[in-house]
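Listed below, chain by chain, are the residues.
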Amino acid sequence: MPKPNLTLTLTNTLTRAKEAFTPHSANNVTLYVCGITPYDHAHIGHARAYVVFDILFRTLQRLYGDNAVKYARNFTDIDDKIITRAQEVGEQPTQLAQTFIASFHKDMAALNCLPPTAEPKVSDPKVLKGIVAHIDALIEKQFAYVTASGDVMYRTQKFPSFGALAHRKLDEQQHGARVKADDEKESPNDFVLWKANAKSATKLEQAFSPKDLGAKLFSAPGRPGWHIECSVMAKQELGTTIDIHGGGEDLQFPHHCCEIAQSEALLKPGQPLARFWLHNGFITVGGTKMSKSLGNFTTIKDALKSYSAEAIRLWLLQTHYRKPVDYTPAALAAAEASLAKLYATWNAAFKKDPKPAVTAWKGTCSRLNPFRRALADDLNTAAALAELHSASNFLAEALRNGDEQKQRYWRQRMGYMAHHLGLLQNPQAHTAKPQTPLSAAEQALLTAREAARASKNWPESDRLRDELKAQGILIEDGPTGTTWRRA
RNA sequence: GGCCGGAUGGUGAAGUGGUUCAACACAGCGGUUUGCAAAACCGUCAUUUCGCGGGUUCGAAUCCCGCUCCGGCCUCCA
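Calculation notes
Residues numbered from 1 in each chain as written. Chains lettered and ligands numbered in written order. Predicted model: local features only at pLDDT ≥ 70, side-chain atom pairs only at ≥ 80, totals over all residues. Heavy atoms only, no water. Phe/Tyr/Trp six-rings, centres within 6.5 Å; stacked < 30°, edge-to-face > 60°. Helix = DSSP H or I, 4+ residues; strand = E, 2+ residues; numbered from the N terminus. Buried < 20%, exposed > 50% of the residue type's maximum accessible area, 1.4 Å probe, protein only. Lys NZ or Arg CZ within 6 Å of the ring centre and 35° of its normal. Pairing = 2+ DSSP bridges. Right-handed = clockwise from strand over helix to strand, strands pointing away. Salt bridge = Lys/Arg side-chain N within 4 Å of Asp/Glu carboxyl O.

Another point: the packing of aromatic side chains. The description of an aromatic ring pair rests on the distance of the ring centres and on the angle between the ring planes. Applying the stated rule across the entire model yields 15 aromatic pairs. Arranged with centres 4.8 Å apart and planes meeting at 55 degrees, the rings of F57 and Y71 form a pair that is tilted. Pair noted here: F57 is in helix α1 (residues 44–64) and Y71 is in strand β4 (residues 69–75), with a separation of 14 residues, a long-range link. Residue F57 is classed as buried on the basis of its relative accessible area, which comes to 2%. With relative accessibility at 1%, the residue Y71 sits in the buried group. Residues F394 and W410 carry aromatic rings whose centres are separated by 4.6 Å and whose planes lie at 10 degrees to one another, so their mutual orientation is stacked. Of the two residues, F394 is situated in helix α11 (residues 381–401) and W410 in helix α12 (residues 404–421); the sequence distance between them amounts to 16 residues. In this structure an aromatic cluster arises from ring pairing among F143, Y154, F162, F191 and F253. The ring of Y50 is capped by R73, whose NZ or CZ atom sits 5.2 Å from the centre of that ring. Sitting above the plane of the Y39 ring, K292 keeps its charged end 5.0 Å from the centroid.

Let's shift gears to unusual backbone geometry. The linkage connecting F253 with the following residue, P254, adopts the cis geometry, with an omega of 5 degrees. For P254, the position within the fold is in helix α6 (residues 252–264). Unusually for a residue other than glycine, Q142 sits at a positive phi of about 70 degrees. Mapped onto the fold, Q142 is located in the loop between α4 (125–140) and β5 (144–146). You can call Q142 partly exposed: its relative accessible area is 46%. At K456, a residue that is not glycine, the phi angle is positive and equals roughly 55 degrees. For K456, a relative accessible area of 59% translates into the label exposed.

Of all the seven residues making up strand β10 (residues 274–280), six are buried; the element is thus mostly covered by neighbouring parts of the structure. Looking at chain direction, strand β9 (residues 242–248) and β10 are connected through six bridges and run parallel. Its bridge partner being in β10, I242 is matched across the sheet by A274. Between the parallel pair β9 and β10, the chain is carried across by α6, and the sense of this crossover is right-handed.

Once that is clear, we can look at the pattern of salt bridges. Scanning the model with the defined rule gives 23 salt bridges in all. Two residues, K301 and D107, come together in a salt bridge whose shortest N-O distance is 2.8 Å. Remark: D107 occurs in helix α3 (residues 93–110) and K301 occurs in helix α7 (residues 300–306); sequence separation between them is 194 residues. The partly exposed category is assigned to K301, whose relative accessible area is 27%. Its salt-bridge partner being E467, residue R463 comes within 2.9 Å of it at the nearest N-O pair. Of this pair, R463 and E467 both sit in helix α14 (residues 458–470), four residues apart, which is roughly one turn of that helix. Its relative accessible area of 30% is what places E467 among the partly exposed residues. Several salt bridges converge on common partners, so that one network encompasses D40, R85 and E88.

Here is the structure:
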């Protein structure tokens, strides 16, 4: 792979500064992004996180080569929330998790998010064994202790920089602000690595015997705590120090701080779990964070009932990934309109020349430089979109002028940009919304209107046009005849 | 209480010291076109203005200080 002639800069949460990114090894670039706990359908907030990191994944692929980038995104498929939900609906937890993993995969595919190179699950025996071994090692090194009820806790006092990622001094925190303190902890900051059944309301489900998994220093049946899995899966999939670790802003503390403590306790002094930490901002509703617990969420599937997947993607990419995005129908409708315009040009170009669009680009192109620079500048997708619009406008102009050379030129560049952003990728029909053929009744209306127009019966013609519009079919009378499209 | 982030036209939003820096998009408005529309095109759309008040500077939306408002986290969370 050629050495990238662009420097990728990323805002590193560790330093709160934009830093030049260089991978530890240019032919093995590693990215770990915290995935979901599959106990319900994913919502728009999840969509944002994974669209953002999809753009990062694609950008890294362009810079270092498709095969050089390893992107792991996990599923926390062993968890109290899964067990609780499973009991509510009378299902096996594992079955329930499977259902929502499949649902999540569908959502990601709809949103044009590329599949990660690895999607580890906690329930994988390899992961469970790794977790148990990691916990054993932490106990051995005094970084963890077993409580009277059998839990294993991380001893945060052994890790003085705990909380540094979130820039917190722990003695200044309000303990128990949200979750009540646990008497068995040596320090209120300590967190659970292994959750023994003794304190679980759901004793028998998703419970594992540490001994069976090879544990030597703890024994109470139970399940892994939330944070430990990511440490282990990142290590198993990507190695001990990864290039970039990402996730939502809300994971900074405690989740990512706990991961750092768990992982770095077993690494050489000064060796980090991750060199770069990236966090995306929230989706808000009326200014308040969209979340499961507040109940103010819209699932991706529900949003897809009203808006095309690419409009959702476009809407998300209009804002820089660290800023909040407010979910409003008006904003989605505006994105849909903007996308429809892009597709109108795109579609017209395909009618002229049905060859597939360019997706890859070898070498340099001065017209693509602003686009590439925008994405390399801390993933400035808003600026990158402006370049896409610009290419679209030039292509539309070339189509009007009949300049075939420029049509090819701009179509290639537009195609490349759209592909990088994961937009304009609907196969066959080059429109955002599916254009199902007219029904017999609809066709009859259209034919009747044609007849009325031929006899210059304008009132009848307009009445039929309104009737079609009411059914979601928009009529356009052009010089070469009448066309229709579904709104 | 501690820590973190945000505030840019009617709307979303880019821009973090200086030659179109207020990009781009959506909406609106005027026009061309059309039987009328739609679509498209042309034009217009923050002109001492970037939450407020100071300061630094030859020069600030951009840096510094103070303030207001909004949001997030402080062991469920993307």
